[in-house]
Amino acid sequence: MAVDTNAKGGEARPKSVRSLVPARMDRLPWTRFHWMVVFGLGVSWILDGLEIQIIASNGFQQSLGMDSQQVGLAGTIYLVGQVVGALVFGRLSDKFGRKKLFIITLAIYLVGSAAAGFSPNMEFLFAMRFVAGLGIGGEYAAINSAIDELIPSHYRGRVDIAINGTYWGGAALGSVANLFFLNPDNFAENIGWRLAFFIGPILGLVMIYMRRHIPESPRWLMTHGREHEAEKTVDDIEARVEKESGKKLDPVPDDQAIEVQALDRIPFRKIASVLIRDYPNRTVVGLTMMITQSFLYNAIFFTYALALQNFYGIANDAVQYFFFPFAIGNLLGPLVLGHLFDTIGRRKMILATYGLSGIILTVSGFLFQADVLTATTQTIFWCVAFFFASAGASSAYLTVSELFPLEMRSQVISYFFSIGQIVGSVAPLLFATLIGEGQDRGPITIGYIGAGLLMVAGGVVAFVFGVNAERKPLEAITNPLSAVDSGKLKVEGERTTRERAKRT
């Protein structure tokens, strides 16, 4: 790292550099390069949806001699692995780079999921579910950071939201796989579920090959004293974009440069200071969005089958058919609505998606209590509500990724993701208890209405305290910690501690 040895008192300090890397990345037109980033990194959420659905099928229960509680424990262990993986690999992604980690985390998932298919007993299955969860949890932190730093600001919102929404494509794929592999006419009971565990690793092997060709984030390189590598990486990307688009890129004016001073390590106390003192409103927004969407999804997703069975008399083997439209509604929401987060704006669309999903779920709760719904109409209400909720939930990851400095982006995602998962993990047990044996609609009606109102509240908080981040460079939303003038916030919404001190 270059240093300035003329510092006061003779103490060496890192030498600052002026960089056009962010501006050069954000002015790129959309080309095949960006599609490669989308497909190479976006598979993570497909794999997560696939894994959850395969676990939910319970196909391994009889083969491994597990009771219902042990089956539930397998799912819990997977979620715990996600939390641990997010926290560990989120920290490492900020320290060692996005590319190293999104290769490592996918490899860890491949090993854990494939090995689960060879499970000789319950204990081995538990261990491999934890390993697979580690990998997927690490993906959430590293991948969201890499996507936001590689995709031009004009497209960042729709791309991030669409990719996060593909979780439901994976869930639908898992449901189809269950119908095929768990059918006794196709495979023996001890074989089908094992084969299902290999679907994710097969997809993952293809993705590892694609990820080898995805570059390190030039923004990460820039803020870690590797400006020459950052410039070379952007040179290569620009050459590829010019070749694919057939157009010469215009030079970027020097007044769009950012001056940075490399930081090797961000201590936890600095992260806490940024979250609590510098950006308290943004922290409240991120936590509120993560917690409310996690609670809603875990509450409905893990108990919709119980509700259909206990209140509408749907047979267990028929529940999968009601899941398809539910999953498709969740998948279409981010794909259809994602571009509006870049055009209408973040705050307005978060309020609309969170609010509409909450209102529709609340209305369905009253109709459910009045006993005027059938299994089909109940599913339709869920489909419409989660069409909006899925786009809103996907925007929670986008929001957390955008609102905090680049140097701690992966860690912040991991913290908020973990808190959301921990709070949301209460919802399945709570709603299952409210459903009971299906004798009384009152308790679960209160649950549906309460979850709906929580989503509305989440949208209101984001609208009031959020930031208009649409189509803005990441560095214009929040200055990097390594920026030489890091106390100057470029957007409205919240003054930093340094600015508040100047005013007082």
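Residues numbered from 1 in each chain as written. Predicted model: local features only at pLDDT ≥ 70, side-chain atom pairs only at ≥ 80, totals over all residues. Heavy atoms only, no water.

Undergrad: When you look at helix α13 (residues 280-301) in this model, what are you seeing that I'm missing?
TA: Since the α-helix advances by 3.6 residues per turn, residues separated by three or four positions end up pointing in the same direction. In this model α13 runs 31 Å from its N-terminal to its C-terminal C-alpha over 22 residues, within 8% of the 32 Å that 1.5 Å per residue would give. Burial analysis of α13 places 17 of its 22 residues in the buried class, which makes it a mostly covered element. (Helix = DSSP H or I, 4+ residues; strand = E, 2+ residues; numbered from the N terminus. Expected span 1.5 Å × (residues − 1). Buried < 20%, exposed > 50% of the residue type's maximum accessible area, 1.4 Å probe, protein only.)

Undergrad: Please clarify how the nonpolar core should be interpreted in this entry.
TA: Note on soluble globular proteins: their nonpolar side chains tend to be buried together. Grouped together as the largest cluster of nonpolar side chains are 114 residues, with contacts concentrated most on W168, W382 and F386. For this core, the leading source of residues is helix α18 (residues 375-402), giving 13 residues. If we ignore the near neighbours within four places in the chain, the residues touching W168 are Y297, F301, F323, F326, A327, N330, L331 and S390. (Core = buried A, V, L, I, M, F, W, Y, C linked by side-chain atoms within 4.5 Å. Contact = heavy atoms within 4.5 Å.)

Undergrad: What is the right way to look at unusual backbone geometry in this model?
TA: Working note: non-glycine residues mostly have negative phi, and peptide bonds are mostly trans. The phi torsion at D371 lies on the positive side, around 60°, for a residue other than glycine. Tracing the backbone shows D371 in the loop between α17 (346-369) and α18. A positive phi angle, near 60°, is found at R471, a position not held by glycine.

Undergrad: When you look at the environment of L474 in this model, what are you seeing that I'm missing?
TA: Inspection of the secondary structure puts L474 in helix α22 (residues 474-477). L474 gets classed as buried once you look at its relative accessible area, which sits at 2%. On a C-alpha basis, the gap between L474 and S401 in space is 9.3 Å, while along the polypeptide they are 73 residues apart. Leave out the neighbours within four places in its chain, and L474 touches D148, E149, R156, R219, E402 and R409.

Undergrad: Sorry if this is basic, but what is going on with the packing of aromatic side chains here?
TA: Aromatic ring pairs: the centre-centre distance and the angle between the two ring planes describe each pair. According to the stated counting rule, one finds 35 aromatic pairs in the structure shown. Centroid distance W45 to Y140: 5.5 Å. Interplanar angle 80°. Geometry classified as edge-to-face. Here the residue W45 occupies a position in helix α2 (residues 32-56), and Y140 occupies one in helix α5 (residues 122-150), the gap between them amounting to 95 residues. Judged by its relative accessible area of 2%, W45 falls in the buried class. Take Y140: its relative accessible area is 6%, and that puts it in the buried class. Grouped by ring-pair contacts, the aromatic residues Y167, W168, Y297, F301, Y304, F323, F326 and F386 constitute a single cluster. Lying over the aromatic face of F96, K95 brings its terminal NZ or CZ to 5.5 Å of the ring centre. Over the aromatic face of F463 sits the side chain of R347, whose NZ or CZ is 4.6 Å from the ring centroid. (Phe/Tyr/Trp six-rings, centres within 6.5 Å; stacked < 30°, edge-to-face > 60°. Lys NZ or Arg CZ within 6 Å of the ring centre and 35° of its normal.)

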